[in-house]
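These are the residues of each chain, in order.
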Amino acid sequence: MCPIARVSLGFSVRFLAYQPLQGSVVCPCVATRGVWQVQAVLAASVRDVDSGLLSRHDVGVCGVAVGYPLDTVKVRIQTERKYTGIWHCIRDTYRQERVWGFYRGLSLPVCTVSLVSSVSFGTYHHCLAHICRFRYGSTDAKPAKADITLSGCASGLVRVFLTSPTEVAKIRLQTQSQPQTQQWRPSASWPSAAPPVCPAPPAGLVSGPKYRGPLHCLATVAREEGLRGLYKGSSALLLREGHSFATYFLSYAILCEWLTPAGHSQPDVLGVLVAGGCAGTLAWAVATPMDVIKSRLQADGQGQQRYRGLLHCVVTSVREEGPRVLFKGLALNCGRAFPVNMVVFVAYEAVLRLTRGLLT
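Residues numbered from 1 in each chain as written. Predicted model: local features only at pLDDT ≥ 70, side-chain atom pairs only at ≥ 80, totals over all residues. Heavy atoms only, no water.

Considering unusual backbone geometry
With a phi angle near 60°, Arg98 is a residue other than glycine that sits in the positive phi range. Assignment of secondary structure puts Arg98 in the loop between α4 (86-97) and α5 (107-136). (Helix = DSSP H or I, 4+ residues; strand = E, 2+ residues; numbered from the N terminus.)

Focus: helix α11 (residues 310-321)
Three- or four-residue spacings in an α-helix give side chains the same orientation, since the helix completes a turn every 3.6 residues. Taking 1.5 Å per residue as the helical rise, α11 with its twelve residues ought to reach 16 Å, and the 16 Å between its terminal C-alpha atoms agrees with that figure. Regarding α11, the residues found buried are Cys313, Thr316 and Ser317. For α11, the buried positions fall inside an angular range of 100° around the axis, keeping them on one side. Residues Leu311 and Arg319 are exposed on α11 and point more than 90 degrees away from its buried face. Of the surrounding secondary structure, the elements contacted by the buried residues of α11 are α10 (269-299). Looking one or two residues beyond α11, the residue adopting positive phi is Gly322, at roughly 85°. (Expected span 1.5 Å × (residues − 1). Buried < 20%, exposed > 50% of the residue type's maximum accessible area, 1.4 Å probe, protein only. Arc of directions from axis to C-beta. Contact = heavy atoms within 4.5 Å.)

A short note on the pattern of salt bridges
Two side chains of opposite charge can pair, provided their charged atoms sit close to one another. Applying the stated rule across the entire model yields 21 salt bridges. Measuring nitrogen to oxygen at the nearest pair gives 2.7 Å for the salt bridge that ties Lys170 to Asp71. One end of the pair, Lys170, is in helix α6 (residues 145-174); the other, Asp71, is in helix α3 (residues 46-79), with 99 residues separating them in the sequence. For the pair formed by Lys170 and Asp71, the shared burial category is buried. Across the pair Lys142 and Glu257 runs a salt bridge whose closest N-O atoms are separated by 3.8 Å. Placement of the pair is Lys142 in the loop between α5 and α6 and Glu257 in helix α9 (residues 234-258), with a sequence separation of 115 residues. Given the relative accessible area of 58%, Lys142 is considered exposed. Linked by salt bridges that have partners in common, Asp71, Lys74, Arg159, Lys170, Arg240, Glu241, Asp291 and Arg336 make up one network. (Salt bridge = Lys/Arg side-chain N within 4 Å of Asp/Glu carboxyl O.)

Below you can see the structure in the form of structure tokens.
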């Protein structure tokens with residue numbers, strides 16, 4: 001098993017270990033038990049888990065691939081003022097770059113989606129278990145809504161250290177729509193007084209794009225802007241991830257309680273999918289203002305820098321384009337959040353079924 005898969009498996013094991021395995025659907029408020037037993041069984045059956053892990057990764061990849069074209073459109077609308085709307089951006093991107101233009105920078109999120117998702121859910125459940133043990137003396141106690149909110153916020157903050165460099169590379173590649181143009185200059189050995197013996201070269205020579213791919217983009221940013229360049233916009237990313245993941249897990253827990261049928265302790269599969277989709281939509285609704293600022297800060301490195309920091313970006317953007325600028329891409333964020341989060345919970349159910357099969 002590759003190192004990334006091992007790390008992802010470790011967090012997935014803890015994520016599953018904190019769930020009761022009797023029911024078909026699990027709510028974040030459910031008590032935690034059986035940690036070491038589940039870990040022992042899964043560690044002994046690592047080869048069997050490989051297929052389940054790959055299936056979970058494949059589902060995550062499908063979710064990213066489905067939502068990525070809309071994410072590219074969203075980023076360009078947020079960072080470029082020339083677009084008057086969603087359809088204008090779609091038409092312009094397709095006319096100039098065809099279908100490939102919608103998938104610039106896709107490979108990096110695809111490679112990291114499984115690890116980032118596992119770290120997020122693992123951190124959430126670890127924090128929730130420790131909070132319950134500290135406040136109530138047992139991890140079996142039902143957490144309060146404040147406990148869920150705090151654990152969700154911690155989950156979002158941890159993500160920043162993993163996703164900030166990949167977000168910088170993704171944004172730079174998504175907003176890189178035109179190749180660089182270099183001005184042609186005559187050679188010093190060319191006689192200035194003598195007339196040219198061949199046709200004059202064009203006024204500009206078109207070279208390749210500045211960033212040839214995700215790894216080249218990361219290396220170029222690190223070389224030109226230093227380590228701070230890889231974490232550019234991380235302050236806005238911290239604010240976005242912190243309160244959006246708190247909203248995500250809290251709203252999911254509340255919706256699961258509302259959608260649980262009378263006489264049952266857990267909602268059915270349809271209820272979990274609806275709760276996950278709605279929770280994702282709510283999370284992106286509150287995250288969009290900081291998402292706009294993050295995108296502008298991270299894209300502000302390909303030419304002359306316009307923004308000196310988070311507050312300067314907010315003030316400048318609102319002054320030039322009005323308060324509505326903070327909600328650019330809101331419809332796209334919410335529109336793709338529902339199906340993508342439904343895919344996430346479908347994968348979650350598949351891993352639960354795999355774990356129950358190993359324990360029986």
